[in-house]
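Survey of secondary and tertiary structure
So you can see what is in the structure, the chains are spelled out below.
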Amino acid sequence: MSVNIAIDGPAGAGKSTIAKMVAKKLGYVYVDTGAMYRAMAYYFLTNQIDSTDREAIEKAVETVDVTIQYENGQQVVLLNGENVNDKIRNEEVGNMASATSVYPNVRKKLVALQQKLAQSTDVIMDGRDIGSVVLPNADVKFYLTASSSVRAQRRFAELQEKGVACDLDQIEKDIIDRDERDMNREVSPLTICEDAVLVDSSYMTIDDVVAELIRIVEEKTNGN
């Protein structure tokens, strides 16, 4: 029987980085659900579909295929057969993903794929509604967070390292705005599940967070 681990939390909390490292150490499959929403958002952007045009978005969803493959142990996100890994990690795509993930048809299509992946293998998924909607019966649930200022500083450093021009204050504003949308959207809002373990990484190193999550997973799944 497969083991499912859910990691939820706000934008910029380090969910993907942490989940990848935990999955690698435990030998689980990492499923980056956020990348799937970003891939669909990238499709909307490249086809000039406005985030407020619900009718156009729901029509487009019918023709969008987002799948996941693994090549050399790395997740590859395919949008209608095209590898879009290096096209979906900018702020514009992230903001579009947040704005369009509120639509029921968008979520329904991607959630079905995510649940199918979890049925047959040990997985770690991170996102906004993994523990509450996608994997409500997950063996272990985490809510990973950090202050908006810390998350903005991390994102700022990441973008600077890549040579991308950015403004720290604007990044924090975008993060706060995204939190507001994610927590108050009508469909599958970001929430802390009652049975989730809260982990605030504001003053923890990545290695410390990874070690803590692995300790908890092994404790809760011992004997599985």
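Residues numbered from 1 in each chain as written. Predicted model: local features only at pLDDT ≥ 70, side-chain atom pairs only at ≥ 80, totals over all residues. Heavy atoms only, no water.

1. Topic: the nonpolar core
In this structure, Met 40, Phe 44, Val 66, Val 106 and Met 125 are the most contacted members of the largest nonpolar core, which totals 36 residues. When contributions to this core are tallied by element, the ones reaching two or more residues are α2 (33-46), α3 (54-61), β3 (66-71), β4 (74-79), α4 (91-100), α5 (104-120), β6 (123-127) and α6 (130-134). Tallying contributions element by element places α2 first for this core, with nine residues. Once residues within four sequence positions are removed from consideration, Met 40 is found in contact with Val 61, Val 64, Val 66, Val 106, Lys 109 and Leu 110. Residues Ile 5, Ala 13, Val 209 and Val 210 belong to the second largest nonpolar core, which totals 21 residues. (Core = buried A, V, L, I, M, F, W, Y, C linked by side-chain atoms within 4.5 Å. Buried < 20%, exposed > 50% of the residue type's maximum accessible area, 1.4 Å probe, protein only. Helix = DSSP H or I, 4+ residues; strand = E, 2+ residues; numbered from the N terminus. Contact = heavy atoms within 4.5 Å.)

2. Comments concerning helix α9 (residues 206-221)
Note that an α-helix has 3.6 residues per turn; residues three or four places apart therefore point the same way. For α9, which comprises 16 residues, the first-to-last C-alpha distance of 22 Å matches the rise-based estimate of 22 Å (1.5 Å per residue) to within 8%. The set of residues buried in α9 consists of Val 209, Val 210, Leu 213, Ile 214, Ile 216, Val 217 and Thr 221. All buried residues of α9 project into a common sector of 165° when viewed along the axis, lining one side. Facing away from the buried side of α9 by over 90 degrees, the exposed positions are Asp 207 and Glu 219. Turning to α9, the residues buried within the fold contact β1 (4-8), α1 (15-26), β7 (140-145) and β8 (197-200). (Expected span 1.5 Å × (residues − 1). Arc of directions from axis to C-beta.)

3. Details of the sheet that holds strand β5 (residues 82-83)
If you trace the three strands from one edge of the open sheet to the other, you get β3-β4-β5, paired in antiparallel fashion. In the strand order of this sheet, the two ends are held by β3 and β5, each with one partner. The pairing of β4 with β5 spans two bridges and is classified as antiparallel. Within the sheet, the bridge partner assigned to Leu 79 lies in β5 and is Glu 82. Packed onto the sheet, α2 meets β3 and β4 and runs at close to 30° relative to β4. (Pairing = 2+ DSSP bridges. Axes fitted to C-alpha atoms, helices over the stretch in contact; angles between N-to-C directions.)

4. Considering helix α7 (residues 148-161)
Taking 1.5 Å per residue, 14 residues should reach 20 Å; α7 reaches 20 Å between its end C-alpha atoms and fits that length. Every buried residue of α7 is listed here: Ser 148, Val 150, Arg 151, Ala 152, Arg 155 and Leu 159. Packing partners of the buried residues in α7 comprise α4 and α8 (168-184). A positive backbone phi angle near 80° is found at Gly 163, which sits one or two residues after α7.

5. A few points about the pairing of β4
Residues in a regular strand project their side chains so that they alternate between the two faces of the sheet. Extensive coverage of β4 is indicated by the burial of five of its six residues. Relative to β4, β3 runs antiparallel, the two sharing six bridges. Paired with Tyr 70 across the two strands is Gln 75, which belongs to β4. Counting the residues in the hairpin turn of β4 and β5 gives two residues, including Asn 80, whose phi is positive at 50°.

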